[in-house]
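Breakdown of the fold
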Amino acid sequence: ATARLGSGTASSSTFLRGDNTFASAGGANTPAFQVLLGSAQSIPNSSFTKIQFNTESIDTDSAFDSSTNYRFTVPSGKGGNYLFSYGIQFLAFDAVRCLASLRKNGTEVHQSELNDHTSSDNATLSASIVLPLVATDYIELFVFQNSGSTNNIRGATTEAVTYLGGFKLI
């Protein structure tokens, strides 16, 4: 019997697709970004507050606004599925609830919750989600705490303590 390997040219940079043709492998997971909260941010009691990510460690397409809107906007022609991850470190304080709210175009698409946070230690709330996005969609991260007074989330410029990151899946 004769083995048939499809049409096209086989090489180390191609793969055999399900339709029996060879295609180029690879691609880039861009746009990609990671931003940090440069210093502690005050979070008022019982209201959602946008995290002001002002330190960019990665921003391949200059798609994150780290000076005014503090959000990622999908560039023209870069729609697709994106993986986002975030972490928020709450400093030592008493709160019944600490929430993170990831929002797409101003509407919540994911919420994480930390209940019964005690003052004895810091706590980090983190999560990941895949979202389908089109050009001009934007992503923001908000935080909520109900300790009874204003409290801080932790920032740092040398480590990802409070962060938001994402990239397009290929």
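Overview of the structure. Keep in mind the model is a prediction, meaning the values are calculated, not measured. (Residues numbered from 1 in each chain as written. Predicted model: local features only at pLDDT ≥ 70, side-chain atom pairs only at ≥ 80, totals over all residues. Heavy atoms only, no water.)

Here we take up the environment of K104. Mapped onto the elements of the fold, K104 is located in strand β10 (residues 95–104). For K104, a relative accessible area of 24% translates into the label partly exposed. On a C-alpha basis, the gap between K104 and I139 in space is 4.8 Å, while along the polypeptide they are 35 residues apart. Contact partners of K104, with chain neighbours within four places excluded, come to V109, P132, L133, D137, Y138 and I139. (Helix = DSSP H or I, 4+ residues; strand = E, 2+ residues; numbered from the N terminus. Buried < 20%, exposed > 50% of the residue type's maximum accessible area, 1.4 Å probe, protein only. Contact = heavy atoms within 4.5 Å.)

This part takes up the pattern of salt bridges. Within this structure, the stated rule accounts for five salt bridges. Its salt-bridge partner being E140, residue R71 comes within 3.7 Å of it at the nearest N-O pair. Here the residue R71 occupies a position in strand β8 (residues 71–73), and E140 occupies one in strand β13 (residues 138–145), the gap between them amounting to 69 residues. By relative accessible area, which is 5% here, E140 ends up buried. In this structure, K104 engages D137 in a salt bridge whose closest nitrogen and oxygen atoms are separated by 4.0 Å. Taken together, the positions of K104 in strand β10 and D137 in the loop between β12 (123–133) and β13 put the pair 33 residues apart, joining distant regions of the chain. The class for D137 is buried, based on a relative accessible area of 8%. Taken together, the shared-partner salt bridges in this structure form one network comprising K50, R71 and E140. (Salt bridge = Lys/Arg side-chain N within 4 Å of Asp/Glu carboxyl O.)

Take the pairing of β13 next. In terms of burial, β13 is a largely internal element, seven of the eight residues being buried. Here two bridges tie β8 to β13, and the two strands are oriented antiparallel to one another. Bridge assignment links F72 to a residue of β13, and that residue is I139. (Pairing = 2+ DSSP bridges.)

Any link to function would need more than the numbers given here.
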